[in-house]
Amino acid sequence: MTLIVPDTLDCEVRFAPPADDGTIEGIAVRFNTVDSYRTSFDPRAFAWDGKSLPLLWSHRADEVVGSVRSVSVEADGLKVRGKLNLEVQRAREVRAMLIAGDVSGLSIGFKRLKDESRAGGIRHITQARLVEVSFVAVPSVPGSHVTSVRTVPDLSILNRSITNAIAALKGK
């Protein structure tokens, strides 16, 4: 968008909206939180090898909607950053559901390598290999969710503000 200000103000302002590239962030699993399978995950359980992981719709290997680009251990859980492939119809549908708030859960697919038994029949995973991350309607680990979806901002409010400012400067 280009806004040309009248000659009396001798100014030109150009805006380029940020790309809506499908970037998402979230907490894929909370540590030391008992899930619906009576399992918990240790903060040291996951060692990510840096390779891209698939982002799936509801653990369905036939519905790849993007890829995980980074994984990090944070105080509140395993943080993931990924990118939806917006060339894929299902990815656009998932993005629409995320933005609308219809779906916000994240869940992981993993291979258990080591665990230990805890009181109350809890299986505490101490070492695992992350296989995939999925968008789900109801995550098994409480608090596992998407925290950010990149979207193109609505510039109409900014445009109205600039138009009003110009009018005020012109004394209208």
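Before reading on, note that the structure itself is shown above.
What comes next concerns the included structure. Owing to the predicted nature of the structure, the values given are computational and were not obtained by experimental measurement. (Residues numbered from 1 in each chain as written. Predicted model: local features only at pLDDT ≥ 70, side-chain atom pairs only at ≥ 80, totals over all residues. Heavy atoms only, no water.)

### Observations regarding the pattern of salt bridges
Alright, step 1. Evaluation of the coordinates by the stated rule reveals ten salt bridges.
Alright, step 2. Linking E25 and K79 is a salt bridge whose minimum nitrogen-to-oxygen distance equals 3.8 Å. Here K79 lies in strand 7 (residues 77-84) and E25 lies in strand 3 (residues 23-29), a separation of 54 residues in the sequence.
Alright, step 3. For E25, a relative accessible area of 21% translates into the label partly exposed.
Alright, step 4. Residue classification places K79 among the partly exposed residues on the basis of a relative accessible area of 29%.
Alright, step 5. Put simply, R60 and E63 hold a salt bridge, and the shortest N to O gap is 3.3 Å.
Alright, step 6. Judged by its relative accessible area of 14%, E63 falls in the buried class. (Salt bridge = Lys/Arg side-chain N within 4 Å of Asp/Glu carboxyl O. Helix = DSSP H or I, 4+ residues; strand = E, 2+ residues; numbered from the N terminus. Buried < 20%, exposed > 50% of the residue type's maximum accessible area, 1.4 Å probe, protein only.)

### Overview of the layout of surface pockets
Alright, step 1. Roughly 210 Å³ of volume is contained in the largest pocket.
Alright, step 2. Considering the residues around the largest pocket, the lining is formed by 18 residues, among which D35, Y37, S107, I108 and S140 are closest to the centre.
Alright, step 3. The set of elements that each furnish at least two residues to the lining of the largest pocket consists of strand 3, strand 4 (39-41), strand 8 (105-118) and strand 9 (122-136).
Alright, step 4. Ranked by residues supplied to the lining of the largest pocket, first place goes to strand 8 with four residues.
Alright, step 5. Across the lining of the largest pocket, the residue classes tally to eleven nonpolar, five polar and two charged. (1 Å grid on protein atoms, 1.4 Å probe; cavity = no way out; pocket = protein on both sides within 12 Å on 5 of 7 lines; lining within 4 Å. Points joined across faces, edges and corners; volume = space filled by probe spheres on them. Nonpolar A, V, L, I, M, F, W, Y, C, P; charged D, E, K, R; others polar.)

### Side note on the packing of aromatic side chains
Alright, step 1. Summed over the entire model, instances satisfying the criterion amount to two aromatic pairs.
Alright, step 2. Ring plane angle 85 degrees and centroid distance 5.1 Å describe the contact between F41 and F110, whose orientation is recorded as edge-to-face. Here the residue F41 occupies a position in strand 4, and F110 occupies one in strand 8, the gap between them amounting to 69 residues.
Alright, step 3. Assessed through its relative accessible area of 1%, F41 is described here as buried. (Phe/Tyr/Trp six-rings, centres within 6.5 Å; stacked < 30°, edge-to-face > 60°.)

### Description of unusual backbone geometry
Alright, step 1. Positioned with a positive phi, S58 is a non-glycine residue whose angle comes to about 55 degrees.
Alright, step 2. Looking at the secondary structure, you find S58 in the loop between strand 5 (53-57) and strand 6 (60-74).
Alright, step 3. Of note in this structure, H59 is not a glycine but carries a positive phi near 65 degrees.
Alright, step 4. Relative to the elements of secondary structure, H59 occurs in the loop between strand 5 and strand 6.
Alright, step 5. You can call H59 partly exposed: its relative accessible area is 36%.

### Some remarks on the side chain of D42
Alright, step 1. Position of D42 relative to the elements: it lies in the loop between strand 4 and strand 5.
Alright, step 2. When neighbours within four sequence positions are excluded, D42 is seen to be in contact with F31, N32, H124, I125 and T126. (Contact = heavy atoms within 4.5 Å.)

### Description of the environment of D42
Alright, step 1. When its relative accessible area of 9% is taken as the criterion, D42 is described as buried.
Alright, step 2. Considered as a pair, D42 and I125 are 83 residues apart in the sequence and their alpha carbons are 6.0 Å apart.
Alright, step 3. Only 2.9 Å separates the side chain of D42 from the backbone nitrogen of R44, close enough to count as a polar contact. (Polar contact = N/O pair within 3.5 Å; in protein donor to acceptor, adjacent residues only side chain to side chain.)

### Digging into the environment of V29
Alright, step 1. Relative to the assigned elements, V29 resides in strand 3.
Alright, step 2. Excluding residues that lie within four positions of it along the chain, V29 makes contacts with F41, F46, D76, G77, L78, I108, V141 and S144.

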